[in-house]
Amino acid sequence: MFNSIKLRLVIWFLVVFSIFFTGIELFLYYKLEEVTIQLADEHLNSEVDTLANLMAIEEAQGQLESELQELATAVTGVYADKLSGHYYQIVSGDGKVLVRSPSLFLSDATLPIMRGTAEGDLRSVAVPNIGTVRLISQSYNFSLGPLTFQAADTLEDTHRLLSSFRNTVLAIFPFVFIVCGIGVFFMTGWALRVLKTFTAKIGQITEENLSQRVEERGVVMELKPLAASFNTMLGRLEESFSRQKQFLSDASHELRTPTSIIKSFCDVTLSRERTAGDYKEAIRKMGDTVNRMCDIINRILVISRMDNKTIQFKPVKMDLRDLMKDVLKLIEPSAVNKGIGIKLTGGSVTVRGDREGLTEVFTNIVENAIKYNRFQGSVAINIGDGQDMATVTIEDTGIGIPETEKDKIFDRFYRVDTSRGVTVGSGLGLSIVRTIVEAHGGTVTVKSEIGKGSAFIVTLPKNPAVKNGSH
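In this text the structure is predicted, and so the values were computed from the model without any measurement. (Residues numbered from 1 in each chain as written. Predicted model: local features only at pLDDT ≥ 70, side-chain atom pairs only at ≥ 80, totals over all residues. Heavy atoms only, no water.)

> Tell me about the overall build of the protein chain, and name the residues and values.
Scanning the protein chain for helices and strands turns up 10 helices and 12 strands. For the protein chain, with 471 residues in total, the buried portion stands at 37%. Once local pairs closer than 6 in sequence are excluded, the contacts in the protein chain between residues at least 24 apart make up 63%. Approximately 27700 Å² of the protein chain is accessible, and the part contributed by carbon and sulfur atoms is 57%. (Helix = DSSP H or I, 4+ residues; strand = E, 2+ residues; numbered from the N terminus. Buried < 20%, exposed > 50% of the residue type's maximum accessible area, 1.4 Å probe, protein only. Contact = heavy atoms within 4.5 Å. Areas by Shrake-Rupley, 256 points an atom, 1.4 Å probe, with all protein chains shown as cover.)

As structure tokens, this is what we get:
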């Protein structure tokens, strides 16, 4: 269930929305509280200043005591109403309450007596019979001594406002939460609709129409890299399928020829009675054909194992000169039969690689140098030593390779034009050569000139990271 991108987006949005909404509401709540308290403080400062200025004027006229009595008996204004929520009192230096507002007298209450400061001491306190009030205590010097003026405003309205705000938020939040959740759910579905369309287009591509591509134009920006990567993958798959089909077709064709030859020999031989010599000759020819078929099958198996990366190369240190001597021992009979002279030059060069695989590489190349050489020609093998690379050059005096076919000779089952009477092979040897060399991190190139011969150059790193069965 939680594997759904749509559901995850909705959940993440609601979580972030809840945190953000809660943070905003808390900020507004405390900001509202701060503003209301600040307004109350400004009002209290103004009231205390007014009282103090009034007392200062009366003192200058010598009527301070009478003014104090009048303040205690005032019957008009907000301070004369019990329920007004506004209070004041004046306290002498020895802590005696000299004046209480009528609102305090009617409420049978007294503000907490506190020593005030010249700047005014503001605080919230609980007063019996009144409740929580915002209280200011500020001291002034008069002829009677220091007097502390105290004024207070009830916080009942502030608490009522904050409670109303809090209840409103709590009532609105679930509604907003649900509406936003539904909205995001549908918006996410609408936004992901392009992904469903993209998926449907991909689903229409099968092994039968790998040539099709996902249209990148008009695709939303976020899906363009995916479309490009998918098209690249399709190209590789198409190429791989094409190679496999071609490989199967070529393999079938190659195997059909020797099987047809064997069947023909069998049919002709059994068509009438023949001498023992005839039977022996037929069996010999069929045996040669079977050997060629086995060689083709073995090479096909090698390539298949390389493609499937099931060949396990075993890299070891070896001397290339010793390796080439072993190769020459294997192919010496072929060279002698054709009168080919082979010359090995170069010193000892140590490389690290799979001995069996590299033996296959150089055996194939040297065999081709003999097979496609002229009678009593020559093959020159040179081993070169570089700083990080070793080079083996195998040069023959054979028929050469046309310029147009140089890039094709490493393709599977590809063979140079056989109309020139050259011995025909399976067309797999050089493909195996390139695969093994590249698995060792090396390269194989060819230089050739018609009628003068060819030169194959194999370059190998001295310490490669050999890849098992890979290209």
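> Can you explain the packing of helix H8 (residues 320-338) against helix H9 (residues 355-371)? Please cite residues and give values.
Here H8 crosses H9 at 35 degrees, and the two axes come no closer than 9 Å. The crossing of H8 and H9 is right-handed. On H9, the residues touching Leu 320, Asp 322, Leu 323, Met 324, Asp 326, Val 327, Leu 330, Ile 331, Ser 334, Ala 335 and Lys 338 of H8 are Arg 355, Leu 358, Thr 359, Phe 362, Thr 363, Val 366, Glu 367, Ile 370 and Lys 371. (Axes fitted to C-alpha atoms, helices over the stretch in contact; angles between N-to-C directions. Left-handed = near helix turned anticlockwise from the far one by under 90°.)

> Give me the lowdown on the side chain of Gln 89, citing residues and values where you can.
Mapping Gln 89 onto the fold places it in strand E1 (residues 86-91). Within the local environment of Gln 89, its side chain forms a polar contact with the backbone oxygen of Leu 111, the two atoms lying 3.0 Å apart. At a separation of 2.7 Å, a polar atom in the side chain of Gln 89 contacts the side chain of Gln 150. Other than its neighbours up to four places away in sequence, Gln 89 contacts Val 97, Val 99, Arg 100, Leu 104, Thr 110, Leu 111, Pro 112, Ile 113, Thr 148, Phe 149 and Gln 150. (Polar contact = N/O pair within 3.5 Å; in protein donor to acceptor, adjacent residues only side chain to side chain.)

> I'd like to hear about the packing of helix H1 (residues 5-60) against helix H4 (residues 156-191), residue by residue, with values.
Between H1 and H4, whose axes approach to 10 Å, the crossing angle comes to 160 degrees. It follows that H1 is roughly antiparallel to H4 by the angle criterion. The way H1 lies across H4 gives a crossing that is right-handed. (Parallel < 35°, antiparallel > 145°, perpendicular 65-115°, else oblique.)

> Talk me through H9; I want residue IDs and the actual numbers.
With 17 residues, H9 extends 24 Å between its outermost C-alpha atoms, agreeing within 8% with the 24 Å of an ideal straight helix rising 1.5 Å per residue. With 12 of 17 residues buried, H9 lies mostly within the body of the structure. Listed as buried for H9 are Gly 357, Leu 358, Thr 359, Val 361, Phe 362, Thr 363, Asn 364, Ile 365, Val 366, Asn 368, Ala 369 and Ile 370. (Expected span 1.5 Å × (residues − 1).)

> Can you explain the pattern of salt bridges? Please cite residues and give values.
Throughout the structure, instances matching the rule amount to 10 salt bridges. One salt bridge connects Asp 41 with Arg 134, and the closest N-O pair in it is separated by 2.7 Å. Taken as a pair, Asp 41 in helix H1 and Arg 134 in strand E4 (residues 131-142) lie far apart in primary sequence, 93 residues in all. Between Glu 281 and Lys 285 there is a salt bridge, with the nearest N and O atoms lying 3.9 Å from each other. Remark: Lys 285 and Glu 281 occur in helix H7 (residues 276-307); sequence separation between them is 4 residues, near one turn of the helix. Classification of Lys 285 by relative accessible area gives partly exposed; the value is 33%. Shared partners join several salt bridges into a network, and the residues in it are Glu 156, Asp 157 and Arg 160. (Salt bridge = Lys/Arg side-chain N within 4 Å of Asp/Glu carboxyl O.)

> An account of the pairing of E4 is requested, with residue identities and associated values reported.
Two strands pair when backbone bridges link them, and strand E3 (residues 121-127) and E4 are joined in this way by 7 bridges, in the antiparallel orientation. Paired with Asp 121 across the bridge in E4 is Ser 137. Taking the residues between adjacent antiparallel strands as the criterion, E3 and E4 are bridged by 3 residues, where Asn 129 takes a positive phi near 70 degrees. Where E4 meets strand E5 (residues 145-154), 10 bridges bridge the pair, whose relative direction is antiparallel. In the sheet register, Asn 141 faces E5, and the bridge partner there is Pro 146. The turn joining E4 and E5, which pair antiparallel and follow one another in sequence, is formed by 2 residues. (Pairing = 2+ DSSP bridges.)

> Tell me what's going on with the sheet that holds strand E9 (residues 378-385), and back it up with residues and numbers.
Pairing within the open sheet is mixed, and its 5 strands lie in the order E7-E9-E10-E12-E11. Since the sheet does not close on itself, it has two edges, and those belong to strand E7 (341-345) and strand E11 (443-449), each with one partner. Each strand of the sheet is rotated relative to its neighbour by a mean of 15 degrees, with strand direction disregarded. When E7 meets E9, the two strands line up parallel, connected through 5 bridges.

> Mind laying out the sheet that holds E5, listing which residues take part and the relevant values?
Across the sheet, 5 strands lie side by side as E2-E1-E5-E4-E3; this open sheet has antiparallel pairing. If you trace the sheet from one side to the other, it starts and ends with strand E2 (97-100) and E3, each paired once. When the angles between neighbouring strand axes are averaged without regard to direction, this sheet yields 25 degrees. Here H1 sits on the sheet in contact with E1, E3, E4 and E5, set at roughly 35 degrees to E4.

> Just give me the short version of the confidence of the model for the protein chain, but keep the residues and values in it.
Here the protein chain shows a mean pLDDT of 81. Residues at 70 or above account for 87%. Counted against residues more than four places away or in other chains, residues 418-423, with its pLDDT under 50, gives 9 contacts. (pLDDT = per-residue confidence, 0-100.)

> Could you give an account of the side chain of Asp 354, naming the residues involved and the relevant values?
Along the polypeptide, Asp 354 turns up in strand E8 (residues 350-354). On the basis of relative accessible area, Asp 354 is assigned to the buried category, the value being 8%. Not counting residues up to four positions away in its chain, the partners in contact with Asp 354 are Phe 313, Lys 314, Pro 315, Met 318 and His 440.

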